[in-house]
Amino acid sequence: MLNAIVIDDEQYAREELIELLHETKQIQVIQQAENAIEGLQLINKFKPDIIFLDIQMPQITGIEMLSMLNTDTMPKVVFSTAYDQYAVQAFEENAFDYLLKPIDPARLQKTVERLVKSTQQPNYEAITLEYLERVPCIGHNRILIIATQDIEFAHSGLTGVYINTGQQEATSQLTLKVLEEKTPLIRCHRQYLVNLKAIKEIQLLDNGLAEIMTNSGQTLPVSRRYLKLLKQSLGII
């Protein structure tokens, strides 16, 4: 039996889909979420085989959320939508399948049968948005949507990945790998990414190491491995 997470901001639509999936006896819904940010947390934690993902959701859409997932652990994605035009977009984003609301049980059964057969074809890879314009974060008991251009740096810690704008810091469900691939941030250390526009000064240290001083006065480490790349990115020979 395949494990799935259902993500939909409409409670009744979510409950109906979960019930229909239960009736197939081939898909086990292990978690559900009412928005993309909560969905990201659940996907990273439970690593489902499949996600059933609503496209139109507040703050972060389903397609934006798909682009925030780590491609190395990408589950199969079945989009759900009430609008035909989004079905076309779903296939442009290379979703495994799509379902139009209200969901037809017979159509869902065909999707489930394809999903079960596809377990022997592990080469599925969703094509996602090339760049992220926004990063969802959690900070001070609220959800923050931070524009990527406003990020000074990001770093990983014991409890997750932190996004820093110079004025505030918040926790993100995105990995450093996703942020490196899909935002202007570049790697300066195994645990740090920095926005080139946020660099005020680079201080060269002994043994090929360095430190970055950001516009807001934060100090970031630069390892020997990434110092040459950082110089090249800044146009320093």
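Analysis parameters
- Residues numbered from 1 in each chain as written.
- Predicted model: local features only at pLDDT ≥ 70, side-chain atom pairs only at ≥ 80, totals over all residues.
- Heavy atoms only, no water.
- Phe/Tyr/Trp six-rings, centres within 6.5 Å; stacked < 30°, edge-to-face > 60°.
- Lys NZ or Arg CZ within 6 Å of the ring centre and 35° of its normal.
- Core = buried A, V, L, I, M, F, W, Y, C linked by side-chain atoms within 4.5 Å.
- Buried < 20%, exposed > 50% of the residue type's maximum accessible area, 1.4 Å probe, protein only.
- Helix = DSSP H or I, 4+ residues; strand = E, 2+ residues; numbered from the N terminus.
- Contact = heavy atoms within 4.5 Å.
- Polar contact = N/O pair within 3.5 Å; in protein donor to acceptor, adjacent residues only side chain to side chain.
- Salt bridge = Lys/Arg side-chain N within 4 Å of Asp/Glu carboxyl O.
- Pairing = 2+ DSSP bridges.
- Axes fitted to C-alpha atoms, helices over the stretch in contact; angles between N-to-C directions.
- Parallel < 35°, antiparallel > 145°, perpendicular 65-115°, else oblique.
- Left-handed = near helix turned anticlockwise from the far one by under 90°.

Let's talk about the packing of aromatic side chains
Aromatic rings in a pair are described by how distant their centres are and how their planes are angled relative to each other. Tallying each qualifying case throughout the model produces one aromatic pair. A cation over an aromatic ring shows up here: arginine 107 above the ring of tyrosine 98, its NZ or CZ 5.6 Å from the ring centre. The ring of phenylalanine 96 has arginine 114 sitting right over it, with the charged end atom 4.5 Å from the ring centre.

With respect to the nonpolar core
The biggest cluster of nonpolar side chains holds 38 residues, and the ones touching the most others in it are Met65 and Leu179. Ranked by the residues each element gives to this core, the list is headed by helix α2 (residues 36-46), at five residues. If we skip the residues at most four places from it in the chain, methionine 65 touches Ile7, Ala36, Leu40, Ile43, Ile51, Leu53 and Ile60. Of all hydrophobic cores here, the second largest spans 17 residues; its members include Leu20, Leu99, Ile103 and Val112.

Overview of the side chain of asparagine 195
In this structure, asparagine 195 sits in the loop between β12 (192-194) and β13 (199-204). Within the structure, asparagine 195 has its side chain in polar contact with the backbone oxygen of isoleucine 151 (distance 3.0 Å). If near-sequence neighbours (up to four positions away) are discounted, asparagine 195 is found in contact with Thr148, Gln149, Ile151, Glu152 and Leu185.

Re the pattern of salt bridges
Side-chain pairs of opposite charge can arise whenever the charged atoms involved come near each other. Enumeration according to the criterion identifies six salt bridges in this entry. The partner of lysine 101 in a salt bridge is aspartate 54, with the nearest N and O atoms 3.3 Å apart. Of this pair, lysine 101 sits in the loop between β5 (97-100) and α5 (105-118) while aspartate 54 sits in strand β3 (residues 50-54); the two residues are 47 residues apart in sequence, bridging distant segments of the chain. Overall, aspartate 54 belongs to the buried group, its relative accessible area being 3%. Glutamate 180 serves as the salt-bridge partner of arginine 187, at 2.9 Å between the closest nitrogen and oxygen. By relative accessible area, which is 11% here, arginine 187 ends up buried. Exposure remark for glutamate 180: the relative accessible area of 32% places this residue in the partly exposed category.

What to know about the sheet that holds strand β1 (residues 2-7)
Taken in spatial order, the five strands of this open sheet run β2-β1-β3-β4-β5, and their pairing is parallel. Since the sheet does not close on itself, it has two edges, and those belong to β2 (27-33) and β5, each with one partner. With strand direction ignored, the average angle separating the axes of adjacent strands in the sheet is 25 degrees. One ladder, built from five bridges, connects β3 with strand β4 (residues 76-81); its direction is parallel. Counted as the bridge partner of phenylalanine 52 is valine 78 from β4. Along the sheet face, α2 touches β1, β2 and β3 and points at about 135 degrees away from the line of β2.

Some words on the packing of helix α1 (residues 11-24) against α5
Axis separation between α1 and α5 bottoms out at 10 Å; the angle between their running directions is 60 degrees. For the element pair α1 / α5, the angle class is oblique. Once α1 is placed against α5, the crossing between them reads as right-handed. Residues Leu17, Leu20, Leu21 and Thr24 of α1 pack against Pro105, Leu108, Gln109 and Val112 of α5.

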